[in-house]
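Topology and contacts: notes
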Amino acid sequence: KSGGLVYNRALSSKAPHIGTNEWLRIGSTFHSLHAIAAEASPLRLPGNRNAAGADDGIEEIQAEGMVLRCLQTRTGIKFVITAEPGGATAGDNTLDAVLREIYVLYTDCALKDPFYELEMPIRCELFTQGLDALIQRMEKTIARGGR
């Protein structure tokens, strides 16, 4: 919401192994780019809101070695995921579905935890378990050929 990083996790063994400070820098940089894109965009969505009702901004970045997808909620929290381009999970619908499931986990587990404080790192076991289950389901889907 303010460019801070509340949770990061490698969802694949192919994910880069970088330190917490680098992840914080990446999160802050993406937050800034998202805000700049929303202001600099020549096209304005009605009310500067996307289809989900969140502020306009970057939803996807495609590069030769990765696809980055962002889901920004109405409250301004951004969920970001990267995937291999052309992989079984790189399709718009698949990544969007994963991001929406992570958002549901966040609302059901972290936000309902009486000890969780907004914009602080998520240290909720239920959220971690739910994310583990989501990763396992995605791995099984990929192993079956994306079906």
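To be clear, the structure that these remarks concern was listed above.
Before going into details, it helps to say that this report is about the structure given with it. (Residues numbered from 1 in each chain as written. Predicted model: local features only at pLDDT ≥ 70, side-chain atom pairs only at ≥ 80, totals over all residues. Heavy atoms only, no water.)

Within the chain, the secondary structure is distributed over three helices and three strands. Each helix and strand of the chain, placed in order from N terminus to C terminus, yields the pattern α-β-β-β-α-α. In the chain, which comprises 147 residues, the proportion classed as buried is 30%. Contacts spanning at least 24 positions in sequence make up 43% of the contacts within the chain whose residues lie at least 6 apart. Carbon and sulfur atoms provide 55% of the accessible area of the chain, an area that totals close to 9600 Å². (Helix = DSSP H or I, 4+ residues; strand = E, 2+ residues; numbered from the N terminus. Buried < 20%, exposed > 50% of the residue type's maximum accessible area, 1.4 Å probe, protein only. Contact = heavy atoms within 4.5 Å. Areas by Shrake-Rupley, 256 points an atom, 1.4 Å probe, with all protein chains shown as cover.)

A few words on the pattern of salt bridges. Pairs can form between side chains of opposite charge whenever their charged atoms are close. For the structure on display, the rule yields five salt bridges. Ionic pairing is found between D132 and R9, a salt bridge with its closest N-O pair at 2.3 Å. Taken together, the residues D132 in helix α3 (residues 125–143) and R9 in the segment before α1 (20–40) connect sequence positions 123 residues apart. Judged by its relative accessible area of 29%, D132 is partly exposed. (Salt bridge = Lys/Arg side-chain N within 4 Å of Asp/Glu carboxyl O.)

Tallied over the full model, the rule gives zero disulfides. A disulfide-free cysteine, C109 has its sulfur positioned 5.4 Å from the sulfur of C124, the nearest such atom. The class for C109 is buried, based on a relative accessible area of 12%. (Disulfide = S-S within 2.5 Å.)

On to unusual backbone geometry. Even without being a glycine, E119 presents a positive backbone phi close to 65°. Along the chain, E119 falls in the loop between α2 (92–110) and α3. Overall, E119 belongs to the partly exposed group, its relative accessible area being 42%.

Moving on, we get to the sheet that holds strand β1 (residues 60–62). Where strands meet in a sheet, backbone hydrogen bonds hold them as pairs that are either parallel or antiparallel. In spatial order, the strands read β1-β2-β3; together these three strands make up an open sheet with antiparallel pairing. Strands with a single pairing partner mark the edges of an open sheet, and in this sheet they are β1 and β3 (78–83). Geometrically, the sheet is characterised by an average inter-axis angle of 10° between neighbouring strands, direction not taken into account. Taken together, the six bridges between strand β2 (residues 67–72) and β3 define a ladder with antiparallel strand orientation. Following the sheet pairing, L71 is matched in β3 by F79. (Pairing = 2+ DSSP bridges. Axes fitted to C-alpha atoms, helices over the stretch in contact; angles between N-to-C directions.)

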